[in-house]
Amino acid sequence: MTATHKRFLAAFFIFCLATAMPRALAQPAQAPAGKVYPQDAVRADFKYLYETLAAAHYDLYAYQSRDAYDRYYEELSAAIDGPMSRLEAVRLFTPFVTFGKVGHARIDFPVQDYIAYVLSGGTLLPLDIRVEDGRVLVAHNYSGVAALAPGTELLALNGRPATDWLERIGRLVSAERPYMAHAQLESMFPRLAWLDMGEVDAFEIVVRSRAGDEATFMVDAVPAMELEEHKGARERQQHSRKAHMLPDGIAYLRPGPFYATGESESLETFKAFVDEAFQRFDAAGATDLVIDLRNNPGGDNSFSDPMIAWFADEPFSFASEFIVKASARTREVLEGLAEEYPGGISAQMLRAMTQHEDGARFSFEIPKAERRDPGFSGRVWALVNRRSYSNATTVAAIIQDYGFGTILGEETADVPTSHASSAQFTLPSTGIVVTYPKAYFVRPNGDEALQGVRPDHALRFPTVPVEGDKVLREALEFIVSQRGGQD
């Protein structure tokens, strides 16, 4: 394996998988890819999955009835008719977890199996997609077929309408609504197509050009490593941390993920990065600040709160209400965290949970974060898109709901009022890790609607890649245009 390939693999798991699955790297060691498990062991794991998920999930039946879930369980259980590999079990169990339509309930992408597939010379569908107004468009083309240029509409794949594929591949991602599912497919479509179908040598693709002409092509799959090198370079750039001054007195901060992205990073190094950035902005006389949350996978508010504190004008919290469900599994999770961080929120939550029986739900008060004094006194503008996930969505909601700044961009696919505060359990035989939400929280303004953070000023995101950052340029033009109309 070349040094380039090693760098790619590290970047892939730290950055790419973080987009929808930020805890993939925290999984315990798993059995070697390809190990086969007896039918009885797989059935037992599936039973354990359903029972534990129902007991620990804040509300497994929030969007699907218990009867519907029971029927689906029986259907999938009947499909376990022989020994299975871990990958086969992941393919079977994942749609069961996503059936509940809760974004923070999921089985992570099978990292080890995918590594083995990539390094063995496996191939992938050579397209990324973007979903616009119900149409499936080509976002990136990794094949040599010029007719599949970005912006081309994908009508059918292997004899099935493209919209059918959104539903078929979409059953492998966890999402409260189609908009969120589609946003995840835009990042992961070739990888998830492999998870769904396995290796496919060639694809029949029907497209409609931007001029309106329809055509059918047989397109060869491309080496997965080749595709990942292209995607990895783009995704590393999207998840990098940057802070510098732009023209017209505008400061630019891209905080990157709200967690440590490598061994050299920690909460303290992140705080130092943020503090140094704001000190430089202040020294440069910045009048406006753009916080770029586009394509941000989120993370933890212990990272984002110190950033928000620099421009907050009052104490703040990510939730107006935070409700936790007591369960045996969540107690185990909290006990481990409390032992590691005895003075942290988890220890406080564990103490509160001791007063409630399993299955009970109780309110838990999240301490408010304090503002810095002095802090940044200029105007704040947060730039978001559909792939501003998890805590990045929450940061945008805090900025909007407290009036700390103005939101620019497009609606986030993730929702700031949601079942969240993730915890995990591991299936005994296969070692598959299942993530579930142990709590439900409401955004700061108390709105419980199932919708993302909507921008105060919408910006159009181009489907076809253009030179430079068109969205940022339009954002800067808008910011300058608002001078004189605001304090």
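Just above, that's the structure.
Reading guide: rules and limits
- Residues numbered from 1 in each chain as written.
- Predicted model: local features only at pLDDT ≥ 70, side-chain atom pairs only at ≥ 80, totals over all residues.
- Heavy atoms only, no water.
- Helix = DSSP H or I, 4+ residues; strand = E, 2+ residues; numbered from the N terminus.
- Rg over C-alpha atoms; globule rule 2.2 N^0.38 Å.
- Buried < 20%, exposed > 50% of the residue type's maximum accessible area, 1.4 Å probe, protein only.
- Contact = heavy atoms within 4.5 Å.
- Areas by Shrake-Rupley, 256 points an atom, 1.4 Å probe, with all protein chains shown as cover.
- Lys, Arg positive; Asp, Glu negative; His and termini not counted.
- Charge placed at Lys NZ, Arg CZ, Asp CG, Glu CD.
- Pairing = 2+ DSSP bridges.
- Salt bridge = Lys/Arg side-chain N within 4 Å of Asp/Glu carboxyl O.
- Core = buried A, V, L, I, M, F, W, Y, C linked by side-chain atoms within 4.5 Å.
- Expected span 1.5 Å × (residues − 1).
- Arc of directions from axis to C-beta.
- Axes fitted to C-alpha atoms, helices over the stretch in contact; angles between N-to-C directions.
- Parallel < 35°, antiparallel > 145°, perpendicular 65-115°, else oblique.
- Nonpolar A, V, L, I, M, F, W, Y, C, P; charged D, E, K, R; others polar.
- Polar contact = N/O pair within 3.5 Å; in protein donor to acceptor, adjacent residues only side chain to side chain.

Draft legend 1. Representation of the overall build of the chain. Counting secondary structure elements, the chain contains 14 helices and 21 strands. Taken over C-alpha atoms, the radius of gyration comes to 23 Å for the chain, in line with the 23 Å a tight globule of 487 residues would show. Along the longest, intermediate and shortest principal axes, the C-alpha atoms of the chain span 65 × 65 × 45 Å. A buried classification covers 56% of the 487 residues belonging to the chain. In the chain, of all internal contacts separated by at least 6 residues, the share reaching a separation of at least 24 is 75%. On the chain, roughly 20300 Å² of surface is accessible, and the fraction owed to carbon and sulfur atoms is 49%. Side chains of the chain give 48 positive and 66 negative charges; the mean places of these two sets differ by 1 Å.

Draft legend 2. Region of interest: the pairing of strand β6 (residues 135-141). Pairing geometry for strand β5 (residues 127-132) and β6, over six bridges, is antiparallel. For Leu127, the partnering residue across the bridge sits in β6 and is Asn141. Here β5 folds back onto β6, and the loop between the two strands holds two residues, one of which, Asp133, carries a positive phi near 50°.

Draft legend 3. The pattern of salt bridges, seen in detail. Tallied over the full model, the rule gives 30 salt bridges. Linking Glu132 and Arg130 is a salt bridge whose minimum nitrogen-to-oxygen distance equals 2.6 Å. Of the residues examined, Arg130 reaches a relative accessible area of 8% and is grouped as buried. Linked by salt bridges that have partners in common, Arg130, Glu132, Glu186, Arg386, Arg387 and Glu410 make up one network.

Draft legend 4. Fine view of the sheet that holds strand β17 (residues 379-384). What the six strands build is an open sheet, ordered β12-β13-β14-β17-β18-β21; its pairing is mixed. Two strands lie at the open edges of the sheet, namely β12 (242-246) and β21 (457-458), each paired on one side alone. Examined bridge by bridge, β12 and strand β13 (residues 250-254) share five bridges and lie antiparallel to one another. By the bridge assignment, His244 is partnered in β13 with Tyr252.

Draft legend 5. A look at the pairing of β5. For β5, the tally of buried residues reaches six of six residues, placing the bulk of the element in the interior. Of the two faces of β5, both are covered, the one formed by Leu127, Ile129 and Val131 as well as the one formed by Asp128, Arg130 and Glu132.

Draft legend 6. Expanded view of the nonpolar core. By size, the foremost hydrophobic cluster in this structure holds 74 residues, and its most contacted members are Leu49, Phe93, Phe96, Leu192 and Ile205. Ranked by residues supplied to this core, first place goes to helix α7 (residues 178-197) with nine residues. Residues contacting Phe93, with those up to four places away along its chain left out, are Val42, Asp45, Phe46, Leu49, Ile80, Ile107, Leu427 and Ile432.

Draft legend 7. Representation of helix α3 (residues 66-78). Along its 13 residues, α3 runs 18 Å from first to last C-alpha, staying within 8% of the 18 Å computed at 1.5 Å per residue. Those residues of α3 not exposed but buried are Ala68, Tyr69, Tyr72, Tyr73, Leu76 and Ser77. The buried residues of α3 occupy an angular sector of 165° when projected down its axis, which confines them to one face. Residues of α3 that are exposed and point more than 90 degrees away from the buried face comprise Asp67, Arg71, Glu74, Glu75 and Ala78. Looking at the buried side of α3, the elements it contacts are α2 (39-56) and α4 (86-98).

Draft legend 8. Here's a closer look at the packing of α3 against α4. Two numbers describe how α3 lies on α4: the axes approach to 11 Å, and their chain directions differ by 175°. One way to sum up the angle between α3 and α4 is to call them roughly antiparallel. Listed contacts from α4 to Tyr69, Tyr72, Tyr73 and Leu76 of α3 are Leu92, Pro95, Phe96 and Val97. Partitioning the contact of α3 with α4 into residue classes produces eight nonpolar, no polar and no charged.

Draft legend 9. Spatial organisation of the side chain of Thr430. Within the fold, Thr430 resides in the loop between β19 (418-426) and β20 (433-442). A residue is classified by how much of its surface remains accessible, and Thr430, at 1% relative accessible area, is buried. Side chain to side chain, Thr430 and Asp45 meet in a polar contact 2.7 Å long. Each residue touching Thr430, except ones within four places of it in the same chain, is listed here: Tyr37, Asp45, Arg86 and Ala89.

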